[in-house]
Every structure is written in structure tokens, then in C-alpha cells.
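# Structure assessment
Listed here are the chains, written in short residue letters.
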Amino acid sequence: MKIRLLTITHKSPAWIQEGYEEYAKRLPASCALELVEIPAEKRTANADIKRITEREGEKMLGIIKPQHLVIALDVKGKLWTTEQLAEQLAGWQQEGRNIDLLVGGPDGLSPVCLQKAQMKWSLSPLTFPHILVRLIVAEQIYRAWSIMQQHPYHR
């Protein structure tokens, strides 16, 4: 199974990149996590945010793999405990599913990306900086995998 984390982003700080890479490298090839960064559109004081978000969404739709399960990270999505995420992960792995996880930019995901998603997942009712989401998702996927493997990481 391959999980692609598609994210609209500006340059991330080194500590975010290092944290993401640490969790991604802990995962085995049978549950590989790949980061796909899509450059965020330039935002100015008078920018048309709706149009910018639409353009970012078009870019994201262009790299979604047709055979992948598309999951949008959205505050209105389903809240999972880590154990429930582990169950989801085990099910996807058993089905041989590859996943595209969609993370919006500073202004969220475009409506077309939300419509394309077959599932919506909420990390929390809180709003996180989009750049931090990649690190949280990588850690939670590793934690869910460790539950599946009965690894002591999740205590």
C-alpha cells in the first residue's frame, strides 16, 4: 500500500521536514508514505482567495491517481481515534488500496477537491496550520501502523 500526502504548501521549516521524514522512514514499504508538494499560489493583500483556491484545487486534481482512494483532510470530516485509524489502515491494506490524502493550503481545500474525495477525515475540530498537518498525519499513520504490528510505540 502506498499513501500519498498531497499538500498545497509554501516552503516548510526544517523542523517540519525533519519530523515528517522521521515518521515516513519508519514505515515499511508495505505502508509507504510519500509527500507530494504542490506549490501554493501567491497571495497578496488584494488577492482573489476563491480563485487562488480553485487554481490550487485544479493542480491537486491533476495529480490524483484515478485508482487511488481519495481522502480529504477537512475539519468537517469524520473524527477517528488512533485505534479507528489503525482499523481503517488495516482495511485499506487488506483491500490493496492506495490512498491520496488531500491537504489544502492556507485557505483550505477547493470545493472540487472536497467533491472528489470519497472520504473526509478530520484530525480535530481545532484548526491547524496546514504546514503542521503533514507532520501530524505522518505521526498518526506511523502510530496506527504500530498498533497493527503490536509495536510498543503506541502506549
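Residues numbered from 1 in each chain as written. Predicted model: local features only at pLDDT ≥ 70, side-chain atom pairs only at ≥ 80, totals over all residues. Heavy atoms only, no water.

This brings us to the sheet that holds strand β4 (residues 99-103). Pairing is parallel across the open sheet formed by 5 strands, whose spatial order is β2-β1-β4-β3-β5. Two strands close off the open sheet at either side, each with one partner strand: β2 (32-39) and β5 (119-122). Neighbour-to-neighbour, the strand axes of the sheet open up by a mean angle of 35°, direction not taken into account. Judged from the 5 bridges that link them, strand β3 (residues 69-79) and β5 form a sheet pairing that is parallel. Bridging across to β5, Leu73 finds its partner in Trp121. Contacts from helix α5 (residues 130-148) reach β1 (2-9), β2, β3, β4 and β5, with the element oriented near 165° to β1. (Pairing = 2+ DSSP bridges. Helix = DSSP H or I, 4+ residues; strand = E, 2+ residues; numbered from the N terminus. Axes fitted to C-alpha atoms, helices over the stretch in contact; angles between N-to-C directions. Contact = heavy atoms within 4.5 Å.)

Take unusual backbone geometry next. Even without glycine at this site, Gln150 takes up a positive phi of about 55°. Along the polypeptide, Gln150 turns up in the segment after α5.

It is worth stressing that arrangement in space is one thing and function is another; only the former is reported here.
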